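In case you want the letters, here they are:
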Amino acid sequence: MSFLLGQYVEADSVVHRLDPRVKIVSTVMLSLLILGASAPHCLASALLLGLVMHLTRIPFRAYLKAFRPVIPFFALLFLLHLLFTPGTPLPPFGAWAITVTKEGLFMGGLVVFRFGLLVFAASLLTYTTLPSDLVFGLERLLRPLKALGVPSHDVAVMVFLALRFFPVFLRELDRMREAQAARGRVVRGGSLGLKIRAARDLLVPLAWSTLRKADTLAAAMEARGYGNGPRTYMRTFSLSFRDYAALFLLLLLAAWRLLCGIQA
Amino acid sequence: MIRVENLVYRYGSQGDPVLRGIDLEIKRGEYLAVIGPNGCGKTTLVKHLNGLLRPSEGTVLVDGMDTSEGRSLREIRRKVGMVFQNPEVQIVGMTVEEDVAFGPGNLGLPPEEIRRRVEEAISFVGLETHARRSPHDLSSGEQQLLAVAGVLAMAPDCIILDEPTTYLDPAGTRKVLDVVARLHLQGVTLVHITHYMDEIVETDRVVVMDRGRIALSGSPPEVFSEQDILLDLGLEIPSVTAFMKKLRQMGVPVDPRVLTVEDACREITRLLERRP
């Protein structure tokens, strides 16, 4: 879970206390704004995100950690834009078979910058919101879709269980690897074929044990009355002044962006 | 409170039945143990008691409600709770208190009532200091206590324990059994499946299962006096009982029908004091 989403970081801040629904909506809206943003708008968004991150009282180092797993992806993205954007060639690279353009450099930079902001926005959400609050917020936000036949509660429970059981599976995988190592399997330094075979020998029993676990979990949930009529929650959330304030600021931002879009 | 009549169960429509005609009545407040070798149908039987499985033939009635009728299922699951063998797999919450809140939430209770029940259940099993922690940080014993609390929060009349101590260390086992004993004192009906003979000496009645049938049924001393049948089924008798039987075979005139260390001590001191 930790490297998928970033883990909740305990701290006492305004951002932590915001309603999870407000935080989810804000993150989604900000992400949409960032995706199509021009360079100046990106800079403005960066400033805004920086300010909010400062408000969370979580050290900036923690946010940087969220980047480690996506660095290869970013590098690829940058290279693709660098090499395949037509425009004015840059002299130092002209000598080789590849051409690098000024526009390519700019676009690559901008795209990576945008995705970087997205990662910051996503980690802002997951660092300051308990997973269960996230799921609760998601459930409440999806509730209007019930009319269209979307089982909002089941969707929320699915997300929840995925988060909850991810570490369990990692541990199970470790156990299996150890059990196979104990019987003499050496994978490190082997050929590709050997590695593929080793992966297969791990995945099949893992899938098997996963299905068995899922079976027990389903029985345990059923035994506790899941799926027999409407559900309620222990937690209740109500929007306070700061939630409305946050939503208002967000709307202002969106309106400003829209106006800029019309002018351009 | 639970009545099982001529219960037959088979997986699919053909094939050998796993349960071959079970008749069983469980009284309110009774503490019942179910023992038997692996594959004898213990778990299959108890899964019928709260409607997780529906009989192929025969009926299961919980306070008069038929488990094969879908509309009573919610009430049946509230009345009859279940604790499974593997503590890790039955936990659905991200924190201890949220996991306990899962059951009452499924009953559709108002938030204040859920909160009240969660706190009560957590303090009953003694996990107050862990209420806001992740279940992953708990020991297996504590996780099993959490599973018990999750069932308790539904205010059940009966709790089924399916080998609840198999995955636990001795300390965890002791804590779970202690909670079980307190539940019995509070009048909760208990059905306890186990492989450990020492765990059933405190029960009111023992049901021994073999290949889908009830082979023996009676109070713990009655059942353990049938040592031959038990050994045939690959089961054991409590080590204290075995010890006393051996003593008697060696010519020491003790009563072998004791089950606990305390009773054995009393029996032996009685014998020693009678001597000059």
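Anything mentioned here points back to the structure above.
First, a word on scope: everything that follows refers to the structure included in this document. (Residues numbered from 1 in each chain as written. Chains lettered and ligands numbered in written order. Predicted model: local features only at pLDDT ≥ 70, side-chain atom pairs only at ≥ 80, totals over all residues. Heavy atoms only, no water.)

### Digging into the overall build of chain A
Check the secondary structure of chain A and you find eleven helices and zero strands. Reading the secondary structure of chain A in the N-to-C direction produces α-α-α-α-α-α-α-α-α-α-α. Taking 18 Å as the expected radius of gyration for a compact globule of 264 residues, we find that chain A reaches 23 Å, considerably beyond that expectation. Taken along its principal axes, the extent of the C-alpha atoms in chain A is 65 × 60 × 40 Å. Looking at chain A as a whole, 36% of its 264 residues are labelled buried. Long-range contacts, defined as pairs at least 24 residues apart, comprise 75% of the intrachain contacts of chain A with a sequence gap of at least 6. With the model as given, the accessible surface of chain A reaches about 15800 Å², and the carbon-plus-sulfur share is 72%. Between the averaged position of the 29 positive side-chain charges in chain A and that of its 14 negative side-chain charges there is a distance of 5 Å. (Helix = DSSP H or I, 4+ residues; strand = E, 2+ residues; numbered from the N terminus. Rg over C-alpha atoms; globule rule 2.2 N^0.38 Å. Buried < 20%, exposed > 50% of the residue type's maximum accessible area, 1.4 Å probe, protein only. Contact = heavy atoms within 4.5 Å. Areas by Shrake-Rupley, 256 points an atom, 1.4 Å probe, with all protein chains shown as cover. Lys, Arg positive; Asp, Glu negative; His and termini not counted. Charge placed at Lys NZ, Arg CZ, Asp CG, Glu CD.)

### Some thoughts on the packing of aromatic side chains
Going through the model one piece at a time under the given rule, you end up with ten aromatic pairs over all chains. With a centroid separation of 6.0 Å and 75° between ring planes, the pair formed by Phe67 of chain A and Phe74 of chain A is classed as edge-to-face. Assessed through its relative accessible area of 10%, Phe74 of chain A is described here as buried. Here Tyr226 of chain A and Phe102 of chain B contribute two aromatic rings whose centre-to-centre distance is 5.9 Å and whose plane-to-plane angle is 20°, an arrangement assigned as stacked. Of the two residues, Tyr226 of chain A sits in the loop between α10 (192-223) and α11 (241-263) while Phe102 of chain B sits in helix α3 (residues 96-106), which places them in two different chains. Under the relative-accessibility criterion, Tyr226 of chain A is labelled buried at 18%. Taken together, Phe60, Phe67, Phe73, Phe74, Phe115 and Phe120 of chain A form an aromatic cluster joined through their ring pairs. Looking at Arg231 of chain A, its charged tip hangs above the ring of Tyr233 of chain A, at a distance of 4.8 Å from the centre. Above the face of the Phe124 of chain B ring, Arg182 of chain B is positioned so that its terminal group lies 4.4 Å from the ring centre. (Phe/Tyr/Trp six-rings, centres within 6.5 Å; stacked < 30°, edge-to-face > 60°. Lys NZ or Arg CZ within 6 Å of the ring centre and 35° of its normal.)

### Notes on helix α8 (residues 131-142) of chain A
Residues spaced three or four apart along an α-helix point in a common direction, a consequence of the helix completing one turn every 3.6 residues. Taking 1.5 Å as the rise per residue, α8 of chain A with twelve residues should run 16 Å; its terminal C-alpha atoms sit 16 Å apart, in good agreement. If you check which residues of α8 of chain A are buried, you get Pro131, Ser132, Asp133, Leu134, Val135, Phe136, Gly137 and Glu139 of chain A. Structurally, α8 of chain A contributes buried residues whose contacts are with α3 (20-35), α7 (102-128) and α9 (152-182) of chain A together with α3 of chain B. (Expected span 1.5 Å × (residues − 1).)

### Thoughts on a nonpolar patch on the surface
Residues and elements named next belong to chain A. Side chains of Leu76, Leu79, Leu80, Leu83 and Phe84 sit close together on the surface and give an oily, nonpolar patch of about 490 Å² of accessible area. Tracing the chain through its elements places Leu80 in helix α6 (residues 71-84). Looking at Leu80, the relative accessible area reads 41%, which means it is partly exposed. (Patch = residues over 30% accessible without salt bridge, like charges linked within 9 Å, V, L, I, M, F, W, Y side chains within 5 Å. Salt bridge = Lys/Arg side-chain N within 4 Å of Asp/Glu carboxyl O.)

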